[in-house]
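# Analysis of the macromolecular model
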Amino acid sequence: MIGVGKMKLYSNVLDKPLSKGKQEVSLSAFAFLFSELVQYNQTQVDNIAELERRLEDAGYAVGARVLELLCNREKGNRRETRLLGILSFVHSTVWKVLFGKVADSLEKGTEHEDEYMISEKELLVNRFISIPKDMGTFNCGAFVAGIVKGVLDNAGFPAVVTAHFVPIEGQQRPRTTILIKFADEVLKREARLSQ
């Protein structure tokens, strides 16, 4: 039987394994697609807050799907049950799959017990975006905040997630910080599990 390899034929698409496949997307293709997403949503809204909310909603759907895929592929259908575990999962695994590297930092807020921050010096969605003067505080990081919110909400860790620019001394471009403020129920559950 010359030419017969170990290729297995599947009668049904659902029988095929979820292989990793090719994990990279052309940066120019992503930049073009994301630019179109921003431009389309910009025509549908009247103010910056509404535009950021729409980008967050689009990111939320991505986050929900990324969680399902990674839990199936990486963790054997197991999900994190602890707060630091899910934050580490987002900071490392999710970020690496989406952006090709681990996020620059994960920090706990100093003023509030329920706040955590993921910081990125040059967030991919803000890299090729130039913001007009009339849109002052617009941050495309709202899309990434939506992804993080989608992952956290669907993993059972409801939170308010927002994106902010934080100026860095000596740098022209500010870094982007994703601020995560967990719901009280998450903190109560974490306290119960710690006992």
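Residues numbered from 1 in each chain as written. Predicted model: local features only at pLDDT ≥ 70, side-chain atom pairs only at ≥ 80, totals over all residues. Heavy atoms only, no water.

### Considerations on the overall build of the chain
Quick reminder of the rule: Comment: elements are numbered from the N terminus, with helices defined as DSSP H or I runs of at least four residues and strands as E runs of at least two. Burial here depends on accessible area, computed with a 1.4 Å probe over protein chains only, as a share of the maximum for the residue type. Under 20% is buried, over 50% is exposed, and the range in between is partly exposed. In this description, contact between two residues means that some pair of their heavy atoms is separated by no more than 4.5 Å. Accessibility throughout is a Shrake-Rupley quantity obtained with a 1.4 Å probe, and a residue counts as covered only by protein chains that appear here.
Scanning the chain from terminus to terminus reveals six helices and four strands. Counted from the first residue to the last, the chain has its helices and strands arranged as α-α-α-β-β-α-α-β-β-α. In the chain, which comprises 195 residues, the share counted as buried stands at 32%. Nonlocal contacts in the chain, meaning residues at least 24 apart in sequence, comprise 59% of its contacts between residues at least 6 apart. When the accessible surface of the chain is totalled, it reaches about 12,500 Å², and 54% of it is carbon and sulfur.

### Comments concerning the pattern of salt bridges
Opposite charge on two side chains allows them to pair when their charged atoms are near. Inclusion rule: Here a salt bridge means any side-chain nitrogen of Lys or Arg lying within 4 Å of a carboxyl oxygen belonging to Asp or Glu.
Across all of its chains, the model carries nine salt bridges by this definition. When salt bridges with common partners are traced through the structure, they connect Glu-50, Arg-53 and Asp-57 into a single cluster.

### So, the sheet that holds strand 4 (residues 175-182)
As a reminder, the rule being used: Paired strands, in this sense, are two strands between which DSSP finds at least two bridges. Orientation is described by lines fitted to C-alpha atoms, with helices fitted over the stretch in contact, and by angles between N-to-C directions that extend from 0 to 180 degrees.
An order of 1-2-4-3 is seen for the four strands of this open sheet, with the pairing classed as antiparallel. With one partner strand each, in any of the chains shown, strand 1 (105-108) and strand 3 (159-166) form the two edges of the open sheet. Direction aside, the axes of adjacent strands within the sheet are offset by 20° on average. As defined by bridge partners, strand 3 adjoins strand 4 across eight bridges and the pair is classed as antiparallel. Looking across to strand 4, one finds that Thr-162 is bridged to Leu-179.

### A closer look at the layout of surface pockets
Threshold: Using a 1 Å grid laid over the protein atoms alone, points where a 1.4 Å probe fits but cannot get out form a cavity; open sets with protein on both sides within 12 Å along at least 5 of 7 lines form a pocket; any residue with an atom within 4 Å of a point counts as lining. Grid points are joined across faces, edges and corners, and a volume is the space filled by probe spheres set on the points.
Quantified by volume, the largest pocket comes out at close to 890 Å³. Residue lining of the largest pocket: 31 residues in total, with Val-25, Phe-30, Val-97, Leu-98 and Phe-99 positioned closest to the centre. Secondary structure elements with two or more residues in the lining of the largest pocket: helix 1 (27-44), helix 2 (48-73), helix 3 (83-99), helix 4 (124-127) and helix 5 (141-154).

### Some thoughts on the side chain of His-91
With respect to the helices and strands, the residue His-91 is situated in helix 3. For His-91, a relative accessible area of 16% translates into the label buried. Setting aside anything within four residues of it in sequence, one finds His-91 in contact with Val-102, Ala-103, Asp-104, Ser-105 and Leu-106.

### Considerations on the environment of Leu-70
Along the chain, Leu-70 falls in helix 2. The spatial distance from the C-alpha of Leu-70 to the C-alpha of Phe-89 is 9.8 Å, given a sequence separation of 19 residues.

### Structural notes on the nonpolar core
In plain terms, the rule: Definition of nonpolar core: a set of buried residues of the types Ala, Val, Leu, Ile, Met, Phe, Trp, Tyr and Cys, connected through side-chain atoms within 4.5 Å.
Of all hydrophobic cores here, the largest spans 41 residues; its most connected members are Leu-152, Ile-178, Ile-180 and Phe-182. Leaving out residues up to four positions away in the same chain, Phe-182 has contacts with Leu-83, Leu-87, Asp-114, Tyr-116, Leu-152, Phe-157, Pro-158 and Ala-159.

Function cannot be read off these values alone, since they describe shape.
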